[in-house]
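Chain by chain, the residues:
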Amino acid sequence: MSYEKVTKLKSRIIVGKKQTLKAIKNGEVSEVYIAEDADKQLTQEVVSLAIEQGIPYQHVDSMKKLGAACGIKVGAAAVALRK
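Note that this is a predicted model, so its numbers are computed, not measured.

1. Some words on the pattern of salt bridges
Side-chain pairing between opposite charges can occur once the charged atoms of the two side chains come close.
And then number 1: Tallied over the entire structure, the rule returns three salt bridges.
And then number 2: Among the salt bridges present, the one from lysine 17 reaches glutamate 45, with a minimum N-O distance of 3.3 Å. Placement of lysine 17 in helix α2 (residues 17-25) and of glutamate 45 in helix α3 (residues 40-53) is noted, with a sequence separation of 28 residues between them.
And then number 3: In this structure, aspartate 61 and lysine 65 form a salt bridge, with 3.7 Å as the shortest nitrogen-oxygen distance.
And then number 4: Lysine 65 sits in the partly exposed class, given a relative accessible area of 46%.

Here is what the cut-offs are and how they apply
Along every chain, residues carry numbers that run from 1 in the direction the sequence is written. For this predicted model, a pLDDT threshold of at least 70 governs which residues receive local features, and a threshold of 80 or more governs which side-chain atom pairs are given and counted, while totals over whole chains, interfaces and linings are taken from all residues. Side-chain numbers come from the whole structure's heavy atoms, not from hydrogens or water. Should a side-chain nitrogen of Lys or Arg be within 4 Å of a carboxyl oxygen of Asp or Glu, the pair is scored as a salt bridge. Strands here mean DSSP runs of E at least two residues long; helices mean DSSP runs of H or I at least four residues long; both are numbered from the N terminus. Three labels apply to residues, based on accessible area from a 1.4 Å probe with only protein chains included: buried if under 20% of the type maximum, exposed if over 50%, partly exposed otherwise in between.

Written as structure tokens, this is what we have:
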């Protein structure tokens, strides 16, 4: 599952919508994870840019679990893995 992959690769993660968008635009991202329970208006921009750049993305069910997998105490709407 995606949470385990994020946990294993903590040194390569980028957390949050703003930082994820910036990293995608800079060509630093190999994969993106989007929380299903996040506000769609927040995540749609990330999904659209990932599609435009040809970056694979996956949906996970929970912001809270995604944040925990990243080692933070709050939920995360979007997380990216660096190349």
